[in-house]
Amino acid sequence: YPTDKIRNFSIIAHVDHGKSTLADRLLELTGTIKRGHGQPQYLDKLQKEGQNNRTIFRWRKTSLFCALRASTMVERERGITVKAQTATMFYNYELKKGDPSYLLNLVDTPGHVDFSYEVSRSLAACQGALLVVDAAQGVQAQTVANFYLAFESNLAIIPVINKIDQPTADPDRVKAQLKSMFDLDTSDVLLTSAKTGQGLEHVLPAVIERIPPPPGKCDSNLRMFLLDSYYDEYKGVICHVAVVDGSLRKGDKITSAATSQSYEVLDVGIMHPELRPTGFLLTGQVGYMVSGMRSTKEARVGDTLFHSRTTVEPLPGFKPAKHMVFSGLYPADGSDFEGLNHAIERLTCNDASVSVARESSTALGLGFRCGFLGLLHMDVFHQRLEQEYGTHIISTVPTVPYIFEYSDGSKVEVQNPAAFTANPKIRVVASWEPTVLATIIIPSEYVGAVINLCSERRGEQIEYSFIDTQRAFMKYRLPLREIVVDFYNELKSITSGYASFDYEDSEYVASDVVKLDILLNGQPVDAMATIVHKLKAQRVGRELVEKLKKYIDRQMFEITIQAAIDSKVIARETISAMRKNVLAKCYGGDVTRKKKLLEKQKEGKKRMKRVGSVDIPQEAFHAILKVS
Ligand code: GDP
Ligand code: MG
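Since the model is a prediction, treat every value here as computed from it, not as a measurement. (Residues numbered from 1 in each chain as written. Chains lettered and ligands numbered in written order. Predicted model: local features only at pLDDT ≥ 70, side-chain atom pairs only at ≥ 80, totals over all residues. Heavy atoms only, no water.)

What follows deals with the site of ligand 1. Near ligand 1, the surroundings consist of 17 residues, among which Asp-16, Lys-19, Ser-20, Thr-21 and Asp-165 are the closest. Take Lys-163: an N or O atom from its side chain is 2.9 Å from an oxygen atom of ligand 1. Alone, ligand 1 offers 580 Å² of accessible surface; in the complex the protein occludes 75% of this. Element by element, the count of residues in the shell around ligand 1 is highest for helix H1 (residues 19-29), at 3 residues. For the shell around ligand 1, the class distribution of residues is 2 nonpolar, 10 polar and 5 charged. (Near = heavy atom within 4 Å. Polar contact = N/O pair within 3.5 Å; in protein donor to acceptor, adjacent residues only side chain to side chain. Areas by Shrake-Rupley, 256 points an atom, 1.4 Å probe, with all protein chains shown as cover. Helix = DSSP H or I, 4+ residues; strand = E, 2+ residues; numbered from the N terminus. Nonpolar A, V, L, I, M, F, W, Y, C, P; charged D, E, K, R; others polar.)

Below, the structure is given as structure tokens:
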């Protein structure tokens, strides 16, 4: 396939607008997959099935395949695509003169805000994108975010209004929104139903007509992008690559621009949609490559690979993923540090976007401080640890990276409240916190409630306009700290689920923050410490002690719960002592009943953390995550 017969494109959409369904239909239309009823969406499924059905038997045995499989479970449960996948299709475009056969590469993109890094990574291999919008819901926050990612990458954008079969579909209204929001030419918008198949026949012709072929040079030295990688237990590290210039053949010697390591290409081919060896990839093609890399850590996403003994200008890399949310992860079951260690190692071997460092807490023992791209990313990671490895974890209140200037003139990024006063001799003289630019789209009747929520979260309104007569568009600058804790849930609940929300990282702003300590019987619980804005400290402190009072059971002695700033107590509760112990009722008579009670007590204990003399149930740690 010469480059003018190749098109590389992706589908971008707000969650649930039909991206995966449309992708499936296109794969069916081109015979890439068979038409199946009630089948899970193919692109979402790729990861779990691996290359072929053998893996169905394999996955039971090996935790890695469990990981791949279950990662898709998480995706399916939450209806989101986390990792981008690619599939190659062959298409005969009869209306075009000359040879009608085209090679189309569909690069899947994740739909959620946390993964905009993955989106821009996928877009780097594309020249165009289908912008899918639900005909009833219209433009939503992630439509806006994804549109701008594609627009900034200079992609040709083909608007597709999907779900036109719905009774509430209003394509004209959506057209007007696309025109007013993005200044798109709406005379040739595609109208489709991925469900009934209506209008789908126009999609691939539009891809060929309106998206330019890849611009690479066939006769130049090889330059290829490393888009993604994953680990396969039989083949080793499998890299997804886009050949920008030149061509790649099996047996070639290649070198990484990032690490200067050299490799021999052992296998190369396309995803059709399973791995299909072709022995080569030509200019403009997207496919896979196996080169004897030992771990995915060698496969730097965004790296440029070239033929050894040639010199090329490296392609502009992707901006590295920035970790915006940090939390401590500890085994809930004190003894099982090794189990957690193992699980985290296996999980991060396919998700390099999580950062991991060991840390220890006096309350919780040995654990890890992990950095995530955002809240959902963190949630998915926690869920996978539990589902795939059966590890029970306690996570600490998520923190954002603050910058502190100390009295000795040093400036540091602090990812852990414990580091706030690491050295008692120096004071914090100034602090800065990260902010985000949030896009919120809501039906107009909810404007008041959303403005209240945002100002309570220390937000500053940047823009307020209307997409059409029924929908408002708001832009806010919000401290990241204020949205990592339960913001999205609250936004959803005050708008009856109608709000859509997205955010991008923005600058650091000066902010007066303090460390809030929680003390149980006078002893600080380091894992419950948090950094908060001075103005909110009083309220957060009060809420925290009230929550804890609810979750900590009475014990044989009185327990005081305090919130303190700089050892000054700002809130306090007490739990009075229990009068009887569990066996008091048994009169020493009924042995089985006594046994049962003791067992019950033991069971309860397993999920406890003892701090000093106080037992704290796991739920208490979970409950305080939601105090903001
Ligand atoms: P994604 O999150 O953008 O990948 O969306 P999905 O492809 O998972 O679709 C979300 C939901 O919308 C699923 O329940 C689909 O069956 C449904 N859906 C997708 N396309 C259409 C369509 O054209 N019409 C209707 N009525 N439903 C659709
Ligand atoms: Mg999907």
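In this section: unusual backbone geometry. Here His-272 and Pro-273 are connected by a cis peptide whose omega angle stands at -15°. For Pro-273, the position within the fold is in the loop between strand S12 (267-271) and strand S13 (275-277). Not every positive phi belongs to a glycine, and Asp-566 is a case in point at roughly 50°. Here Asp-566 is to be found in the loop between strand S30 (559-565) and strand S31 (568-575).

Turning our eyes to something else, we now look at the sheet that holds strand S17 (residues 325-331). The antiparallel open sheet is built from 4 strands, whose spatial order is S18-S19-S17-S20. Because the sheet does not close on itself, it has two edges, and the strands there are strand S18 (355-361) and strand S20 (393-395). Put simply, the sheet's adjacent strands are angled 30° from each other on average, direction ignored. Of the pairings in the sheet, the one linking S17 to S20 comprises 3 bridges and is antiparallel in character. Considered in S20, the bridge of Leu-329 is made with Ser-395. Together, S17, S18, strand S19 (365-372) and S20 form the strand contacts of helix H9 (residues 337-348), whose direction differs from that of S19 by roughly 20°. The strands touched by helix H10 (residues 375-389) are S17, S19 and S20; relative to S17, the strand with the most contacts, the crossing angle is about 15°. (Pairing = 2+ DSSP bridges. Axes fitted to C-alpha atoms, helices over the stretch in contact; angles between N-to-C directions. Contact = heavy atoms within 4.5 Å.)

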